[in-house]
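A structural walkthrough
Spelled out, the chains give:
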Amino acid sequence: MKVKAITLFKTQNYLPMPDVAIASSWKEKLQAEFDKEYFVKLIDFIKEEKSTQTIYPTGKYIFHAFDKCSFEATKVVIIGQDPYHGDGQANGLSFSVNEGVKIPPSLVNIFKEIQHDLGNPIPKSGNLERWASQGVLLLNATLTVRAGQAGSHQKKGWEQFTDAVIRVLNQEKQQLVYLLWGAYAQKKGAIVDTSHNLVLKAAHPSPMAANYGGWFGCKHFSQTNDYLTARGLQPIEW
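Quick look at the structure, then. Keep in mind that this is a model prediction, so the values were computed, not measured.

So, helix H1 (residues 24-34)
- When we look at burial in H1, the residues that qualify are Ser25, Trp26, Leu30, Gln31, Glu33 and Phe34.
- Taken together, the buried residues of H1 touch strand E2 (21-23), helix H2 (37-52), helix H3 (64-68), strand E5 (136-140) and helix H6 (158-172).

As for the packing of aromatic side chains
- On inspection of all chains with the given rule, the structure shows 21 aromatic pairs.
- An angle of 45 degrees between the planes, with centres 5.3 Å apart, marks the rings of Phe39 and Phe161 as tilted. Pair noted here: Phe39 is in helix H2 and Phe161 is in helix H6, with a separation of 122 residues, a long-range link. Across this residue pair, the class does not change: Phe39 and Phe161 are buried.
- Ring centres of Trp215 and Phe221 lie 6.4 Å apart, and the angle between their planes is 80 degrees; this geometry places the pair in the edge-to-face category. Comparing Trp215 with Phe221 shows no difference in burial state: the two are buried.
- The structure contains a cluster of three or more aromatic residues connected by ring pairs, namely Trp26, Phe34, Tyr38, Phe39, Phe63, Phe66, Phe71, Trp158 and Phe161.
- Between the NZ or CZ atom of Lys173 and the centre of the ring of Phe71, over which it lies, the distance is 5.4 Å.
- The ring centre of Tyr227 lies 3.6 Å from the NZ or CZ of Arg231, which sits over that ring.

Concerning the pattern of salt bridges
- Under the criterion given, the structure shown has six salt bridges.
- Here Glu172 makes a salt bridge to Lys29, at a shortest N to O gap of 2.5 Å. Taken together, the residues Glu172 in helix H6 and Lys29 in helix H1 connect sequence positions 143 residues apart.
- The salt bridge partner of Lys36 is Glu33, with a shortest N-O separation of 2.9 Å.
- Exposure remark for Lys36: the relative accessible area of 35% places this residue in the partly exposed category.
- Several salt bridges share partner residues, and in doing so they unite Glu33, Lys36 and Arg167 into one network.

Remarks on the packing of H2 against H6
- In the contact formed by H2 and H6, the axes pass within 9 Å of each other and the chain directions differ by 130 degrees. By the criterion of interaxial angle, the relationship of H2 to H6 is oblique. At the point where H2 passes H6, the crossing takes the left-handed sense. Of the residues in H6, those in contact with Tyr38, Phe39, Leu42 and Ile46 of H2 are Trp158, Gln160 and Phe161.
- Residue classes in the contact of H2 with H6 are distributed as six nonpolar, one polar and no charged.

Description of the environment of Trp215
- Here Trp215 lies in the loop between helix H8 (207-210) and helix H9 (220-230).
- Between the C-alpha atom of Trp215 and that of Pro205, which follows or precedes it by ten residues, the distance is 6.0 Å.
- For Trp215, the contacting residues outside a window of four places in its chain are Asn109, Ile110, Glu113, Trp181, Ala202, Ala203, His204, Pro205, Ala210 and Phe221.
- For Trp215, the side chain forms a polar contact with the main-chain oxygen of Asn109, separated by 3.1 Å.

What to know about the pairing of E5
- Within E5, five of the five residues are buried, which leaves it mostly tucked inside the rest of the structure.
- The alternating pattern of E5 places Val136, Leu138 and Asn140 and Leu137 and Leu139 on opposite faces, both of which are buried.
- Pairing analysis gives five bridges linking strand E4 (residues 76-80) to E5, with the strands arranged parallel. Bridge pairing links Ile78 to Leu138 in E5.

Brief notes about the packing of helix H4 (residues 105-118) against H9
- Between H4 and H9, the shortest axis-to-axis distance is 8 Å and the interhelical angle comes to 60 degrees. Accordingly, the angle class assigned to the pair H4 and H9 is oblique. Along the contact surface, H4 presents Ile110, Glu113, Ile114, Asp117 and Leu118, while H9 presents His220, Phe221, Ser222 and Asn225.
- Classifying every residue of the contact of H4 with H9 by side-chain character gives four nonpolar, three polar and two charged.

Observations concerning the environment of Ile103
- Structurally, Ile103 can be placed in the loop between E4 and H4.
- By relative accessible area, which is 17% here, Ile103 ends up buried.
- For the pair Ile103 and Lys75, spaced 28 residues apart in sequence, the C-alpha separation works out to 25 Å.
- Setting aside its immediate chain neighbours within four residues, Ile103 contacts Val108, Phe111, Pro123, Lys124, Ser125 and Gly126.

Conventions adopted
- Residues numbered from 1 in each chain as written.
- Predicted model: local features only at pLDDT ≥ 70, side-chain atom pairs only at ≥ 80, totals over all residues.
- Heavy atoms only, no water.
- Buried < 20%, exposed > 50% of the residue type's maximum accessible area, 1.4 Å probe, protein only.
- Helix = DSSP H or I, 4+ residues; strand = E, 2+ residues; numbered from the N terminus.
- Contact = heavy atoms within 4.5 Å.
- Phe/Tyr/Trp six-rings, centres within 6.5 Å; stacked < 30°, edge-to-face > 60°.
- Lys NZ or Arg CZ within 6 Å of the ring centre and 35° of its normal.
- Salt bridge = Lys/Arg side-chain N within 4 Å of Asp/Glu carboxyl O.
- Axes fitted to C-alpha atoms, helices over the stretch in contact; angles between N-to-C directions.
- Parallel < 35°, antiparallel > 145°, perpendicular 65-115°, else oblique.
- Left-handed = near helix turned anticlockwise from the far one by under 90°.
- Nonpolar A, V, L, I, M, F, W, Y, C, P; charged D, E, K, R; others polar.
- Polar contact = N/O pair within 3.5 Å; in protein donor to acceptor, adjacent residues only side chain to side chain.
- Pairing = 2+ DSSP bridges.

Put into structure tokens, the structure is as follows:
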């Protein structure tokens, strides 16, 4: 069930966009965050940015990760940092791009590792909604960015919000797989209880990191599926 953003906030003044949607289970789990002062200030900031700047992803996709992968369906968590900041790239899912957009280098390397690990052909589309619909929460630490300015919406409140997402998952769900690629994701995922979840770490798949070792050959995708299958859960079709 999808819930319109107007139900998420106390007043319509705090809507980032009128057509944002989020799964009802996430709305319930995160309502306390939506009501906090930092989040109200964050939405005010986004509204101000939107009045003078182009921001990505477009409004309806800001909470897309929580719309395409409900709380109860979540089996795997992949933590990214920022949305892509190029025109038409970001769709609200970490590492993912819209249909018809050239696949970014980090995602190319992800697909290469999947091919090496599982033998899957490299897809033509970089839209990872197909993963999200299977229970992969593609979570960026920061959910918006100013066009052409990487990191421009960091330290505005998004990190506090996405920390709360990881915290509620860690407190209320077990037997999840967390894929932490690079130092930033590993630091953000440090709170995860490794005794009740599988936490896999590797270098970031960006060319600068991946080409120096620690990404290729990590076999995170087969390890994820082995863990899920061993617990009677459906593996991910990567």
